[in-house]
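Topology and contacts: notes
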Amino acid sequence: MTLGAAPQADSDLQALLQVKKYREVFALLVPRYRDKVFRLSFSMLRNHAMAEDITQDVFLRVWRALPGFAGQSSLSTWIYAITRNACLSELRKKRPTVSMNGDADEYDAEVAALAAPDPDDSATVSVGQLLDQLPERYRQAVTLFYMEDKSYEQTAESLGLPLGTVKALLHRARKRLIELTRESERTVSA
């Protein structure tokens, strides 16, 4: 499935776009994709407030770009690409910078601990913690395929990768998640 919409509903929205009913399309897009955009943003950024900001920004970008949507991909894939690019831009902005002043940007573990979310024993947090340990490409593939219920083909299209590469990424991600789960079980039982 695409970012959660039925294929027929997506084609209905594209039909509205052809007759330039942008307000109607946008009014249907926001409630349909808001939660999906937020979940994807949160899975990439791991920060609730940033994910909310990016979600708003994505829909602002969608509104501005809607008249130029050419229909070369499905709306959901297009919205996913906008979301992914917005998150990647935000992550680039947040990269730590190295200061030439040794004492100006000291790392403070206490401040970092305060900024970190409180650990929780729920399965969702455990899965999130496991996903955090995966390389970015694996995490994106897993998020799209398992959490956003995209098909292999849709995942490949969204990531701009060949189908075989996506299948290999998912296979390696599953193996790594199994290894990480076993390591964490050994740590807990020790």
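All values reported here derive from a predicted model rather than from experimental measurement. (Residues numbered from 1 in each chain as written. Predicted model: local features only at pLDDT ≥ 70, side-chain atom pairs only at ≥ 80, totals over all residues. Heavy atoms only, no water.)

**Focus: a nonpolar patch on the surface**
Filter applied, for reference: Residues enter a patch when their relative accessible area is above 30% and they make no salt bridge; the linking distance is 9 Å between like charges and 5 Å between nonpolar side chains (Val, Leu, Ile, Met, Phe, Trp, Tyr). Each accessible area is a Shrake-Rupley estimate made with a 1.4 Å probe; only the visible protein chains count as cover when residues are assessed. Every case where a carboxyl oxygen of Asp or Glu lies within 4 Å of a side-chain nitrogen of Lys or Arg is listed as a salt bridge. Numbering of helices and strands runs from the N terminus, with a helix taken as a DSSP run of H or I at least four residues long and a strand as a DSSP run of E at least two residues long.
There is a patch of nonpolar side chains on the surface, built from Val 127, Tyr 146 and Met 147 and spanning about 260 Å² of accessible area. By the secondary structure assignment, Met 147 is in helix α7 (residues 136-147).

**What to know about the side chain of Ser 41**
Cut-off, in case you're wondering: Only protein chains enter the area calculation, which uses a 1.4 Å probe; residues under 20% of their type maximum are buried, those over 50% are exposed, and those in between are partly exposed. Residue contacts are defined here by distance: any two heavy atoms, one from each residue, within 4.5 Å place the two residues in contact.
Position of Ser 41 among the secondary structure elements: in helix α2 (residues 22-45). Classification of Ser 41 as buried rests on a relative accessible area of 0%. In contact with Ser 41, not counting residues within four places along its chain, are Arg 46, Ala 51, Ile 54, Thr 55, Thr 83 and Cys 87.

**Digging into the confidence of the model for the protein**
Stated formally: For every residue, the pLDDT score states the predictor's confidence, bounded by 0 at the bottom and 100 at the top.
Averaged over all residues, the pLDDT of the protein equals 77, while 72% of them reach at least 70. Per-element confidence in the protein is highest for helix α3 (residues 48-65), whose mean pLDDT is 93, and lowest for helix α5 (residues 109-115), whose mean pLDDT is 46. In this model residues 1-6 is a low-confidence stretch, pLDDT under 50, and it forms 22 contacts with partners more than four residues away in sequence or in other chains. The low-confidence segment residues 102-125, where pLDDT is below 50, has 5 contacts with residues more than four positions distant or belonging to other chains.

**Details of helix α8 (residues 152-159)**
Turning to α8, its buried residues number three or more, namely Gln 154, Thr 155, Ala 156, Ser 158 and Leu 159. Contacts from the buried residues of α8 go to α4 (75-93), α7 and α9 (163-189). Downstream of α8 by a residue or two, Gly 160 has a phi angle that is positive, lying close to 70 degrees.

**Some details on the side chain of Glu 90**
With respect to the helices, strands and loops of the structure, Glu 90 is situated in helix α4. The buried category is assigned to Glu 90, whose relative accessible area is 14%. Residues within four places of Glu 90 in sequence aside, it is in contact with Leu 45, Met 50 and Ile 54.

**Here's the deal with the pattern of salt bridges**
Counting across every chain of the model gives 6 salt bridges. The salt bridge partner of Arg 61 is Asp 57, with a shortest N-O separation of 2.9 Å. With Arg 61 and Asp 57 both in helix α3 and 4 residues apart, the pair spans about one turn of that helix. Across the pair Glu 183 and Arg 176 runs a salt bridge whose closest N-O atoms are separated by 3.8 Å. Residue class for Arg 176 comes out partly exposed when judged on its relative accessible area of 28%. Among the charged side chains, a salt-bridge network with shared partners connects Arg 176, Glu 179 and Glu 183.

**With respect to the packing of aromatic side chains**
Applicable threshold: Pairing of aromatic side chains requires ring centres within 6.5 Å, counting the rings of Phe and Tyr and the six-membered ring of Trp. Pairs whose planes differ by under 30 degrees are stacked, by over 60 edge-to-face, and all others tilted. The rule for a charge over a ring is simple: NZ of Lys or CZ of Arg within 6 Å of the ring centre, and within 35 degrees of the ring normal.
Under the counting rule described, the total for this entry stands at 6 aromatic pairs. Here the aromatic rings of Phe 26 and Phe 59 are separated by 6.4 Å at their centres, their planes lie at 75 degrees, and the arrangement is edge-to-face. Taken as a pair, Phe 26 in helix α2 and Phe 59 in helix α3 lie far apart in primary sequence, 33 residues in all. Exposure class is identical for Phe 26 and Phe 59. Each is buried. On the basis of an interplanar angle of 90 degrees and a centroid distance of 4.8 Å, the ring pair of Phe 145 and Tyr 146 is categorised as edge-to-face. Phe 145 sits in the buried class, given a relative accessible area of 17%. Residue Tyr 146 is classed as partly exposed on the basis of its relative accessible area, which comes to 39%. The ring of Tyr 152 carries Lys 167 above its face, with NZ or CZ at 5.3 Å from the centroid.

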